[in-house]
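Listed here are the chains, written in short residue letters.
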Amino acid sequence: MVRRIGAYGAQVGLLAVLGLVAAVLLTAMPRLANEYADRSLHADVARLPHLVRDVALAVEQRPDQQRSDEAKPAAAGEASLERFAAALPQPLPALVDRRWYAAVLDEQNLSATGDDPPMDGGATKKIGLRAQTGLQDSAVLTAGRWPDTKTGGSAEVAVSTAVAEILSLRPGSRLRFTGASAANQASAQVVGVFNPRDAGDPIWDDLTLGLNPIVPVADGEPYLAMAVTDWAGIDTVVAGSGVPVSYQWRYRLDERRLDTATLETVVTAIGDTRRTEWLPRSTVHTSLDVALVRFGDQLRAVQALLAIAQTGLVASLLGLILLAARLTVQRRRDELALLRARGASLAAIGRRTLVEAVPVQPVAVLLGWLIATRVPGRSEGTPWGVVLLAVLTTAVVPVLAMLSQRRAALTAGRVDLVRQRPSVRRLVLEAGVLVLAGLGVVLLRRRGLDPAGGVDAYLSSVPVLVAVAAALVAIRLLPWPLRLVGRLTGRTRGAPLFLGVARAGRGAPVALGPLAVLIVAVSTGVFGGVVTTTVAAARDRAATLTVPADAWLTGWAFSPDAADELNRVPGVQAVARASVESSRRLLSEAGPQARALGQARVLVVDAPAFAEVVARSGVDVQVPAALRSAARGDGPVPAVVSPTLAAELGEATAVADVQSRWYEFRVAAVADSFPGVGLGVDRFVVLPWQALPEYEFTPIIPNRYLIAGDGVDEAKLLEVADATQRRRQSEVLGREVTRTQMPATLETRQAYREGLERTGANEVLTLAFAAGAAGGAALAVLAVGFAVVADAAGRGRMLSRLRTMGLSAAHGRRLLVYELVPLVVVAAVTGAAVGIALPRLLGSTLGLSQFAPGVPMRDHLDPLVVGGVLALVLLGLLAGLLVENLVNRRMRLGEALRLGEGNA
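Residues numbered from 1 in each chain as written. Predicted model: local features only at pLDDT ≥ 70, side-chain atom pairs only at ≥ 80, totals over all residues. Heavy atoms only, no water.

1. With respect to the pattern of salt bridges
Applied cut-off: What counts as a salt bridge is simple: a side-chain nitrogen of Lys or Arg found within 4 Å of a carboxyl oxygen of Asp or Glu. Each residue gets one of three labels from its accessible area relative to the maximum for its type: buried under 20%, exposed over 50%, partly exposed in between, using a 1.4 Å probe on protein chains only. Only DSSP runs of H or I with at least four residues qualify as helices, and only runs of E with at least two residues qualify as strands; both kinds are numbered from the N terminus onward.
Under the criterion given, the structure shown has 32 salt bridges. In this structure, the salt-bridge partner of Asp54 is Arg53, at a minimum N-O distance of 3.8 Å. As far as burial versus exposure is concerned, Asp54 and Arg53 are alike and both buried. The salt bridge partner of Glu356 is Arg332, with a shortest N-O separation of 2.5 Å. Pair noted here: Glu356 is in helix 13 (residues 346-357) and Arg332 is in the loop between helix 11 (288-331) and helix 12 (333-341), with a separation of 24 residues, a long-range link.

This is the structure in structure tokens:
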């Protein structure tokens, strides 16, 4: 047995390698998909705001309840923190990481006044109070001490450095907290000032106003801030002011303990939590289940797409395995025929070849499985696919060997001819594949991949069935034009062209099998490449519409002259001011007779500067000429509006609210989207800043700047931007401001584009079609190799005979090219055509719009992708021809003629 395995080591080794690669593919791709899916899930949950991702129980106690027997001190709720955590529906208790209990007095219900410093004049000071577990360990005192309210005394509070600076508070400052009525007051004293150890710690999520108080920017607006106290301080202020108190138990789920396999269980548990009555009049606040359901829907769509890519690769690999087994049987045809002639039964032939396969093929598949288990990711139960693969690779040669010897014959017939009239069985089989492919396309276009119902094996295999159907049609039609060309070449001088085209036209079955696999592999690779580039192009458009230049600078309110200072920042080439406001009112006209037209997002841009910045950034964005050429005049300014608004306005004019002033406009252009407005906005108006009337005391204040530049000093840019914001804030308040209310942020187009790759299940999508494109190209090269070596022995004998008739070596090389190149090129082009057509044929059923939200998905064909796949195919063909030529040059004529003389 060992001797026989060694004699056919090349064929046995090839089959073993294919089995190993198939085992790696079947095991590694699901594991990698799980790893990427879990990683994307963790990243998505980590980015969610705490009001969405945390599970919070809340009970509000109203003033009338505070005077009843139900009233309990604020400290009593701390004892329920662990009890509620343990009572959460499974599997939530094991997912809870951090937990907090808090008693809260909302800032909207409390007004603070004081004599030291005086706080009775100017804007109202709305200061809330919060007592929460863990705060003292997460902060550092810069002055004074932590609150320790004594029964019957004043409440003691601590404030952050930011609140202390803005409200001029210090340890010893006396405050009065007033509720709904001036008669309801509670006295308090500031005893400490603190800074957070880490402002990004989740413990501070509900204390945003405590760290960054809001300063009024217009008349009538109040200061909004938050102070911290202890449990007794809460009780003291509640008793004096009569305001309602809210008790909150907040639980943070550790995203690292979540995985995509338990999504449905977690969603169900959160729903049960919301339906449970934890306490009388309690409510549960969380939207994590909504976010998980959205992620799960996207993940199921990706899994269906991954199944398509994996099906194509597995089909190509199985085809190569069958071809390798068939080639093995063909090479051993004489041996098997001799055994049959000596009386061996089919079962004996099967046992003989099975004994040779058992020590090699299962071990190779097992080795591939072991290698794949080293890939990061979760496994999915028992690897039945690997077990079936081991059985297939072990049994395929014995089965084909027995089938090839069903009819014992002393001589073998020619293998370079295709039947002129294929059998009825074969025609029915091929027609069945065509029907299945057509029916699958129809069902897929009607139903889609239906990710909610799980991955449908039949619908996921439709692209492969279409490729197989195209391969069958191509194989049936290809010999006819080649034979016609053969007749024409028969009239030309020289034998190589005629002989090569004639052999290609006869289409030996041994070569047609590799070509069918080649079509499937190339179509899989091109399909994956086209889908990948389609999604990438959509994401590029999304990035361009969101950040239409090198960067967006966003703030609360910049000074009107900020552009000059921003232009002086190193790396900045040009800037353009803009103002973006959401939910602004539209009216049919100015005045009391105006008719309301709803709300819309209003973008005001300095159109000429905007166009210059876009051009300097190299972004493919066209600013309408109506905006660029608009100038200040007496009539309504031209505007770009969305189709929804255009249908409502028609040719009539309207007015838009821009920073509490009305500006008249007319519809000059209609666009589905406009850069800078944002994605998914169906009601918007874009106005030209340079054409709007200027008001001396109420100019339009920019809150955005579009930046063009290379190597911009981002830290310096943000520093300058915040300085201009403080200057603007100081002008409004009439005093110097040392802190920026909303620090400026800078978002680059590149960072936004990279972020699209990391959101949702996009990494899994990238894996699916990157693997499909790369794997399809690699398998296509292998299929070309099979096409070259499938009938290498027959071509060797033919060349040897022709050499005895005077054929030169150069003509022999040309003959090989004339024979193989037409077949391989036609197969590669057919596969590429199928791969290009599939995304258009399947259309929206692929669900690709989920991976570039807010942007229409348009088929994008990158010639480099298709050209790269075809170039690899041609490279593989040239490499195969080179190897075969080298072998033929070293082969002696006598040996070549004696090899397989019985087939002559």
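Having seen it, we continue.
2. A look at unusual backbone geometry
Look at the link from Gln90 to Pro91: it is a cis peptide, with omega at 5°. In this fold, Pro91 is placed in the loop between helix 5 (80-87) and helix 6 (92-95). Phi at Ser168 is positive, roughly 55°, even though this residue is not glycine. Take Ser168: it is sitting in the loop between helix 7 (161-167) and strand 7 (174-178). In this model, Arg281 sits at a positive phi of 65°, which is unusual for a non-glycine residue. Inspection of the secondary structure puts Arg281 in the loop between helix 10 (263-275) and strand 11 (282-285). For Arg281, a relative accessible area of 43% gives the class partly exposed.

3. Considerations on the pairing of strand 10 (residues 245-253)
The side chains of a regular strand alternate, first on one face of the sheet and then on the other. Counted only if it meets this: Here the rule is simple: two strands pair whenever DSSP picks up at least two bridges between them.
Among the nine residues that make up strand 10, eight are buried, leaving the element largely enclosed by the rest of the structure. Inspection of the sheet shows strand 1 (residues 55-61) paired to strand 10 by seven bridges, in the antiparallel sense. Residue pairing in the sheet places Leu57 in a bridge with Trp249 of strand 10. Two elements, strand 2 (residues 96-105) and strand 10, share eight bridges in a ladder whose sense is antiparallel. Across the sheet, Val104 pairs through a bridge with Ser246, a residue of strand 10.

4. What about the pairing of strand 6 (residues 155-160)?
Among the six residues that make up strand 6, six are buried, leaving the element largely enclosed by the rest of the structure. A two-sided burial pattern is seen for strand 6, the buried positions comprising Ala155, Val157 and Val159 on one face and Glu156, Ala158 and Ser160 on the other. Examined bridge by bridge, strand 6 and strand 8 (residues 185-196) share six bridges and lie parallel to one another. Following the sheet pairing, Val159 is matched in strand 8 by Val193.

5. Regarding the nonpolar core
The test is simple: In this description, a nonpolar core means a group of buried Ala, Val, Leu, Ile, Met, Phe, Trp, Tyr and Cys residues linked to one another through side-chain atoms lying within 4.5 Å. Pairs of residues are marked as contacts when any of their non-hydrogen atoms sit within 4.5 Å.
By size, the foremost hydrophobic cluster in this structure holds 154 residues, and its most contacted members are Leu105, Phe177, Ile234, Trp249 and Leu518. In this view, Leu518 contacts Ala780, Ala783, Val784, Val824, Ala827, Ala828 and Val873; residues no more than four positions away in its chain are not counted. Residues Trp552, Ala607, Val621 and Leu627 belong to the second largest nonpolar core, which totals 34 residues.

6. Side note on the packing of aromatic side chains
Rules: Any pair of Phe, Tyr and Trp rings, taking the six-membered ring for Trp, is counted once the centres come within 6.5 Å. Such a pair is stacked with planes under 30 degrees apart, edge-to-face with planes over 60 apart, and tilted for the rest.
Evaluated as defined, the whole model comprises eight aromatic pairs. With a centroid separation of 5.3 Å and 35° between ring planes, the pair formed by Tyr101 and Trp249 is classed as tilted. Remark: Trp249 occurs in strand 10 and Tyr101 occurs in strand 2; sequence separation between them is 148 residues. Judged by its relative accessible area of 1%, Tyr101 is buried. Between Phe194 and Trp204 the ring centres are 5.8 Å apart and the planes differ by 15°, which places this aromatic pair in the stacked class. Here the residue Phe194 occupies a position in strand 8, and Trp204 occupies one in the loop between strand 8 and helix 8 (208-211), the gap between them amounting to ten residues. Here Phe194 matches Trp204 in class, with each residue buried. Each member of the aromatic cluster is reached from another via a ring pair, and the members are Phe84, Tyr101, Trp231, Trp249 and Trp278.

7. Points about helix 23 (residues 607-617)
Within the sequence span of helix 23, burial applies to Ala607, Ala609, Phe610, Ala611, Val613, Val614 and Ser617. The elements touched by buried residues of helix 23 are strand 13 (572-587), strand 14 (596-605), helix 24 (625-628), strand 19 (704-709) and helix 27 (749-758).

8. Points about the packing of helix 13 against helix 15 (residues 384-404)
Operational definition: The convention used is that axes are lines fitted to C-alpha atoms, helices contributing only their stretch in contact, and that angles between N-to-C directions extend from 0 to 180 degrees. Here the word oblique covers every angle except those under 35 degrees (roughly parallel), over 145 (roughly antiparallel) and from 65 to 115 (roughly perpendicular). Put simply, a crossing is left-handed when the front helix is turned counterclockwise from the back one by less than a right angle, and right-handed when it is turned clockwise. All amino acids are sorted into three groups, where Ala, Val, Leu, Ile, Met, Phe, Trp, Tyr, Cys and Pro are nonpolar, Asp, Glu, Lys and Arg are charged, and the leftover types, Gly among them, are polar.
At their nearest, the axes of helix 13 and helix 15 sit 8 Å apart, and the two run at 155° to each other. As far as their axial angle goes, helix 15 and helix 13 are roughly antiparallel. With respect to the hand of their crossing, helix 13 and helix 15 are arranged in right-handed fashion. In contact with Leu346, Ala347, Ile349, Gly350, Thr353, Leu354 and Ala357 of helix 13, helix 15 contributes Thr394, Val397, Pro398, Ala401 and Met402. Classifying every residue of the contact of helix 13 with helix 15 gives nine nonpolar, three polar and no charged.

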